[in-house]
Amino acid sequence: MARDSFWLARRFYLFNWNMHLGVVLPYSAVLLFCVGGMLAESQLISQDRRCFVYRNYYYEYVPERLHWTAAERLCRQRFGFLTTIGTIEDNQKLASFMQAMRVTKALWIGAKVKEGGPGTFGSHILTFSGRTDTKYAKLLKQFPQLHSVTICAQVQFDSTFVGVSTVFSYSVPSFINEFQLRANIVRGQQIQLALLVHGVHSPYSQAVENNGKWHHLCVSWTRRGGGWAIAADGSVISSGEQLYISDDIGTGGVFIIGQEQDTFGGSFRKDESFIGNITQLHIWDRVLNASEIQALAEDCFVIPLGLFFQWNVSIFEIESTVQVYKGFSQCKGDGFQTTEPFDILWVDGTKPLFHNISSDVSHPVNQGQCVTFDPLTGTWTSELCSKQKEALCRYDKDAYEQMQDFSSLPPSPFFLYVKEKSVDVSIADYLLLNRSDYPQNVTSANDITSVLLEATDESHAKLTSADLLALTRFLGNVAELDFETEANNSETILSLASNYIKLASRIIDVECSFEWLIISEVIHGPYVIIHSVDMLAEKLSDILLSIGQSIVLSTENIDVQIKGNQLPRLESDLVYKPKCLSARNRVDEIQIPGSEMSRLLTLGYSELIFIHVYYRSVEHHLPPHNSDSVLPAGRSNKRSQTSQLQTAVISSTVRDPVRAKNIPIAVQYSLSHRAVVGFSKFATPTCVFWNFSLQDGHYAGWSNQGCQVIQFESEVTICFCNHTTNFAVLMQFTEIQWGLETEMILNKLTFIGSGASLCALVVTLTLFTVLDIPKSDRTSIHKNLFVALIAAQVVLLSSDSATNSKSACTAVTALLHLFFMAAFAWMMVEGLLLWSKVVTVNLSEERRMKYYYLIGWGLPVLIVTITLAAAHDKYIADRYCWLNVHNGVIWAFVGPVIFIIMVNMFVLTRVVLITVSTAKRRAIMLAVNSSPIEQAYDQIRAAVKAVLVLLPILGLTWLSGVLVPLSVVMAYVFVILNSLQGLFIFLIYGVYNTEVRSTIKRLKERRKALNFSNCATSRPSSSLTSSRPASSPVTGSESLAKDDGPQVTDGANLQGICKMSFYDNSVIYENPAATNERQLSTPSLPRGPDEELSCCSQSPVASTKGCKVDCPFSSRQEDMEDGCSLHVPAELEDRSCSSLNVMSLKRVGSLYLD
């Protein structure tokens, strides 16, 4: 997707550029090197017959005769490579293409021969061809008397031979057949081996396949017990005892390879001669054990202990018809081959298994040679790289086409200025993408660089993408110059270095970020500049001692320090801190620990060159990219990981100027980055270095091998790496990758839930406002919370319409920030009030609403105002109307919300503990006969009920948002819980609220009573009361059994007389039994969180004259502090003034959650 967007942006850029110059070049008219446009795959498309397309590459034939290095450089000048051939099909196709172009001479391709892998060794091989009684090789060495012996050799049998074959024989004057290894070869069967000791023959044993391959054979014998063994390819295949135990193997004998001796040292027999090859024959005067034989076969490691003879053909008398040649082996079961093993090294870093180089002995492949391709036969040969030959270049298809687009553009203002300033030589030619000119020496490079630098300053024209490509290529050419031959010209070299770094700094400036993205198909961003600067710094360090003690070059975006140091004088860590630091980068530095200096001293180094380079603007030139090696990107409901460069790039190199090579050491570096924030994302820093090794024509890229994070803070990361190179910090953002269907479902759920919540909150607020609900701090807090949530939902549902206007989007974001912040602030006030009423049991009626208003509205207004003032220009996100999550503004909301949720979690925990404790005491007092399981059930039910009631009002459902990045299921849970928060509040605090329900019921009963009163105006008020039917008294135990809420009670059965008057809205409770004792019976606590403590419940102290307490409903509410009132249950209003069970009212100290 990113690649497509860059491609479109590039096309748009090219069109605008042409229009700016008054020239319209349609895409079909763009000129390519391969004239005529693209045809079908595998078809020639060039009128000049020099270029063709195959698969995803363009191939260009270079008719100029060049040596291999020049040809390779020519291809790189055009942002390609010498051709790589990966398969036999590619090889055949290229041969047919070149034949169609009538090219018949060998061409350079992008391969060189390098030395074989570790373990490669050469060995002289003896070849015995054909059955004869004359071919032999006699060992010219005096044998001692052998109590034990082991002989091993690499042997290759002729697969066409059938019959008995003597590999070697040893005879002494007193006995001819003293020691022999014989083979019996039968067609279609494995080769059989047998050992002969002093005329005693062991049985033949099947050893190896008769397949013409090399095999490692060993035989051993000892006089002790006559033990013997035969091993093939590292494994013992046959062994035994009692094979001649009478004497040792005799001294002074003759050892012959390839023949059996019928007389002492002669009388060979043709039908028992050996046919094949043999090498690496060794003799020990002891028995090798099985592990030693296996190691010898697998690793070709010759064990020195007891070694009597090690393979050396110079000690042999070799018959003239026996061929001797040198073969090579990497052991490891590969056997020997006639030519030395070699590997093919491709210039673009690919590693194809295919190669077509002949291994003929007449044309050996030598290390370091370059490879040519014969278009007539398709074969490859190795040639001296200095030979002059034609070449074949290969370019990536997309990069090549983009390159041609830029080549076809009209000259840029920068190019025209350079052309105008050119005097003797046309410096502008170095900027032409279809030319391959490059400076030949330091002096000309310095002159050209000076003009180019002046042009970037004086032309006042922004560099185009074509200009960046040309300048990048030019800087690479300069870095490849030979500085050592011109070391005496120090003034010119220093001037060139200064101009070079200044020009490179201009190229990687943040103003060129868009142009770098445009040319990303051709080159891999500004890392090409980093690579060129590194090469230049290394070449300058090699001649540093002749031009000065140090070089310090500091520009706006690049800082270079090259300094020689005497290691004995360095007593502590070597710290490099760049000079071109911005305010944000002030902590950036790299240090080499003192322990590493001490280690270098012990290795014999005394004076070394330390190179440090700092690149400040690189992070602005590259987009985020997927890190598939860490987490696979998913299309639906999977976690994906994107990595983004978040820091500058800092490098450290330690170089030995004498040997002109880098020395690996460990370093520690710290780099600053933007504050790591994210919404539904996890940010993880990764310490990385840039690997410039080529893989399939591209840089290997960032790697974390050998690097680790030591310390990670919000704006600084400290890393440790066990090597030196270019370092940085990648921030890996792990986020949910949801499919389109999932996104649509979540959006619909949010819209539906928010709409339902908005309606429910409006209804709830209306109920609390219209109904005659007693005024209190709690009801006021409820109303303010409802207002904040309603406003937030309204703004949220209309936020999409403001995305097209920045000012409108800013206003919407500020309102969302304010109202959601206010909603959470009032949720915290709800928690504080609950704490004061339940945990601290503060029953004081002191008014605290002014403080609650400061918290609920004043604090959000203050936070939003400060945030807008501090970050007005980066307040909103890029694609939606909400706070920016990339620069820390989001913490103006997330920080306070986290604090509020933590406070409310603590409050909820304490309330649940108190509820469970109360339920436990109640179960003990009132349900003595209940089982422990029932008691536990009651406690769990009380706890769950408390949690469900308090979760919406305290905002704790937002905790599910933390788990959203872990699973899409949590995303659904989060959306459902929080979009329906208003609906939950309506159900719990509206529909099922006892206070609301009783108020509505009381209104109905008042209406009935008022109608009844109007019909009976002729009756006195006493008749009204007496006319109601009396209710049956209810016992205290029955009342307690019906009470569900947790409470504390003394169990007394209080019955009283109700005296009620609808005219003065007063109710009097009187207990006759208490009248005699002058005791005031204790009324109840509220039935739920939405009922206030009645003023009648605040004085459990006995009165002196009985108890008559009036609690006005409406007419006298305002006269009482905090609106204290007694709510008369509807069932009491319906009853006459007969005996009632007052035990159903809740007592002081009880907690009831409805």
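Thresholds, definitions, all that
Residues numbered from 1 in each chain as written. Predicted model: local features only at pLDDT ≥ 70, side-chain atom pairs only at ≥ 80, totals over all residues. Heavy atoms only, no water. Helix = DSSP H or I, 4+ residues; strand = E, 2+ residues; numbered from the N terminus. Contact = heavy atoms within 4.5 Å. Areas by Shrake-Rupley, 256 points an atom, 1.4 Å probe, with all protein chains shown as cover. Salt bridge = Lys/Arg side-chain N within 4 Å of Asp/Glu carboxyl O. Buried < 20%, exposed > 50% of the residue type's maximum accessible area, 1.4 Å probe, protein only. pLDDT = per-residue confidence, 0-100. Phe/Tyr/Trp six-rings, centres within 6.5 Å; stacked < 30°, edge-to-face > 60°. Expected span 1.5 Å × (residues − 1). Pairing = 2+ DSSP bridges. Axes fitted to C-alpha atoms, helices over the stretch in contact; angles between N-to-C directions. Polar contact = N/O pair within 3.5 Å; in protein donor to acceptor, adjacent residues only side chain to side chain.

Trainee: How should the overall build of the chain be read in this particular structure?
Mentor: A tally of helices and strands in the chain yields 26 helices and 44 strands. A fraction of 74% describes how many contacts in the chain between residues 6 or more apart in sequence connect residues 24 or more apart. Just so you have it, the chain exposes about 52900 Å², and 55% of that area is on carbon and sulfur atoms.

Trainee: Explain the pattern of salt bridges to me, please; I cannot follow it from the model alone.
Mentor: A side chain with one charge can pair with a side chain of the opposite charge if their charged atoms come near. Under the defined criterion, the tally for this structure stands at 25 salt bridges. The shortest N-O distance in the salt bridge between Arg-55 and Asp-90 comes to 3.3 Å. Of this pair, Arg-55 sits in the loop between β1 (51–54) and β2 (57–66) while Asp-90 is found in helix α3 (residues 88–100), placing the two residues 35 residues apart along the sequence. Judged by relative accessible area, which is 38%, Arg-55 ranks as partly exposed.

Trainee: Please clarify how the confidence of the model for the chain should be interpreted in this entry.
Mentor: A low pLDDT score tells you not to read the predicted coordinates there in detail. Averaged over every residue, the pLDDT of the chain is 74; residues scoring 70 or more account for 72%. Residue range residues 677–681 is modelled with pLDDT below 50. Its contacts to residues more than four positions away, or to other chains, number 19 contacts. Segment residues 1018–1154: pLDDT under 50, and 272 contacts once partners within four positions in sequence are set aside and those in other chains are kept.

Trainee: How should I be thinking about the packing of aromatic side chains in this particular structure?
Mentor: The geometry of an aromatic ring pair comes down to the distance between the two centres and the angle between the two planes. Tallied over the entire structure, the rule returns 26 aromatic pairs. Taking 5.9 Å as the distance between ring centres and 15 degrees as the angle between the ring planes, the aromatic pair formed by Phe-143 and Phe-255 counts as stacked. Taken as a pair, Phe-143 in the loop between β6 (137–139) and β7 (148–157) and Phe-255 in strand β16 (residues 254–257) lie far apart in primary sequence, 112 residues in all. A relative accessible area of 3% means that Phe-143 is categorised as buried. Residue Phe-255 is classed as buried on the basis of its relative accessible area of 1%. Between the aromatic rings of Phe-768 and Phe-786, the centroid separation amounts to 5.6 Å while the plane-to-plane angle is 80 degrees, which identifies the pairing as edge-to-face. Within this pair, whereas Phe-768 is found in helix α14 (residues 740–770), its partner Phe-786 is found in helix α15 (residues 777–797), the two being separated by 18 residues in sequence.

Trainee: I'm lost on helix α9 (residues 490–507) in this one. Help?
Mentor: Since the α-helix turns once every 3.6 residues, residues separated by three or four places project in the same direction. Over its 18 residues, α9 runs 26 Å from end to end, which matches the ideal 26 Å to within 8%, given 1.5 Å per residue. Taken residue by residue, α9 has Thr-492, Ile-493, Leu-496, Ala-497, Asn-499, Tyr-500, Ile-501, Leu-503, Ala-504, Ser-505 and Ile-507 as its buried positions.

Trainee: Sorry if this is basic, but what is going on with the sheet that holds strand β39 (residues 707–712) here?
Mentor: If you trace the five strands from one edge of the open sheet to the other, you get β29-β30-β36-β40-β39, paired in antiparallel fashion. Looking at which strands have only one partner, the edges of the open sheet turn out to be β29 (574–576) and β39. With direction set aside, neighbouring strand axes in the sheet form an average angle of 20 degrees.

Trainee: Just checking my understanding: could you explain the pairing of strand β30 (residues 589–592) for this structure?
Mentor: Successive residues of a regular strand alternate their side chains across the two faces of the sheet. Across three bridges, the pairing between β29 and β30 is antiparallel. Across the sheet, the residue bridging to Leu-574 is Ile-592, located in β30. Where β30 lies against strand β36 (residues 667–672), three bridges are found, and the strand directions are antiparallel. In the sheet register, Glu-589 faces β36, and the bridge partner there is Ser-670.

Trainee: Mind showing me how you'd approach the environment of Asn-184 here?
Mentor: Position of Asn-184 relative to the elements: it lies in strand β9 (residues 175–185). Separated by 22 residues in sequence, Asn-184 and Val-162 have C-alpha atoms that sit 7.8 Å apart. Other than its neighbours up to four places away in sequence, Asn-184 contacts Gly-163, Val-164, Gln-190, Ile-191, Gln-192 and Tyr-204.

Trainee: I'm lost on the side chain of Gln-156 in this one. Help?
Mentor: Counting through the fold element by element, Gln-156 comes out in strand β7. Overall, the relative accessible area of 18% leaves Gln-156 in the buried class. Here the side chain of Gln-156 touches Gly-212 through a polar contact of 2.8 Å, landing on its backbone oxygen.

Trainee: Sorry, what's going on with the pairing of strand β31 (residues 607–615) here?
Mentor: With eight of its nine residues buried, β31 lies for the most part within the structure. In terms of strand pairing, strand β28 (residues 558–566) meets β31 through nine bridges, oriented antiparallel. Bridge pairing in β31 places Gly-564 opposite Ile-609. Here β31 runs beside strand β34 (residues 649–656); their pairing, made up of seven bridges, is antiparallel. In the sheet register, Tyr-615 faces β34, and the bridge partner there is Val-649.

Trainee: What exactly am I supposed to notice about the side chain of Ser-238 here?
Mentor: One can find Ser-238 in strand β15 (residues 235–240). Classification of Ser-238 by relative accessible area gives buried; the value is 11%. In terms of polar contacts, Ser-238 uses its side chain to reach the side chain of Ser-205, at 2.9 Å. Apart from residues no more than four positions distant in its own chain, Ser-238 is found in contact with Ser-205, Trp-228, Ala-229 and Ile-230.

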